[in-house]
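Chain residues, written in single-letter form:
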Amino acid sequence: MLRVITAEAAYTTEELADILGLPIATIRKYNFHFAKIGVQFTKKQGRLAYTNDDVTIFHELKRIYAYPEMTLEKAVITVAKKFNLVPDTPPNISTEKQTLNLAPLEVQMKDIQSYIDAKFEERERQLISMAREIRALKKAQQQKKSFYKWLKTFFEK
């Protein structure tokens with residue numbers, strides 16, 4: 001009886017990078033994040049060897065990580081849960097939104113806004129002053145013209 005043994009393809013990191021169209025460093029970074037949550041990939045002769053299933057996992061990670069607002073940590077956890085690679089989220093990685101203390105930023109924004117308002121008012125005062133000066137100069141010029149006109153009519157007679 002003939003028995004056929006099929007060996008599943010084993011891809012190197014470089015080959016996986018070519019398949020996914022990503023730099024090798026990105027694949028290594030993805031591996032690092034998978035390792036943080038306890039997912040280990042197969043090693044052959046001391047080098048990582050990726051199976052077809054692993055290629056599918058990385059394709060899914062690439063697809064999910066492409067969404068806006070998606071962090072790499074969240075994408076790795078999502079893929080790991082989808083493919084049942086880990087039972088639950090480890091305690092050191094939080095998938096919830098982190099709250100920021102916005103009070104210092106609000107104070108800074110108020111300071112900036114008051115500075116902008118002060119500069120705007122100063123500029124407005126300067127513009128009004130310049131407009132008054134221009135108006136006064138035009139009026140003086142008109143008076144000068146009218147004086148010469150009067151003087152001209154006086155000598156023409």
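Residues numbered from 1 in each chain as written. Predicted model: local features only at pLDDT ≥ 70, side-chain atom pairs only at ≥ 80, totals over all residues. Heavy atoms only, no water.

## As for the pattern of salt bridges
Move 1: Following the criterion strictly, the structure yields 3 salt bridges and no others.
Move 2: Between Arg-63 and Glu-60 there is a salt bridge, with its nearest N and O atoms 2.5 Å apart. With Arg-63 and Glu-60 both in helix 3 (residues 52–65), this residue pair falls 3 residues apart, about one helical turn.
Move 3: Overall, Glu-60 belongs to the buried group, its relative accessible area being 11%.
Move 4: The shortest N-O distance in the salt bridge between Lys-82 and Glu-60 comes to 2.8 Å. A residue pair is termed long-range when its members are at least 10 positions apart, and Lys-82 in helix 4 (residues 72–82) and Glu-60 in helix 3 qualify at 22 residues.
Move 5: Overlapping salt bridges, with partners in common, bring together Glu-60, Arg-63 and Lys-82 in one network. (Salt bridge = Lys/Arg side-chain N within 4 Å of Asp/Glu carboxyl O. Helix = DSSP H or I, 4+ residues; strand = E, 2+ residues; numbered from the N terminus. Buried < 20%, exposed > 50% of the residue type's maximum accessible area, 1.4 Å probe, protein only.)

## Some words on unusual backbone geometry
Move 1: The phi dihedral of Gln-45 falls on the positive side, at around 55°, and the residue is not glycine.
Move 2: The backbone of Glu-69 shows a phi angle near 70°, a positive value even though the residue is not glycine.
Move 3: Checked against the element boundaries, Glu-69 lands in the loop between helix 3 and helix 4.

## Brief notes about the side chain of His-33
Move 1: Residue position: His-33 is located in helix 2 (residues 24–36).
Move 2: Judged by relative accessible area, which is 10%, His-33 ranks as buried.
Move 3: Discounting chain neighbours no more than four positions away, the residues touching His-33 are Leu-72, Glu-73 and Val-76. (Contact = heavy atoms within 4.5 Å.)

Fair warning: the whole summary comes from geometry, so function is off the table for now.
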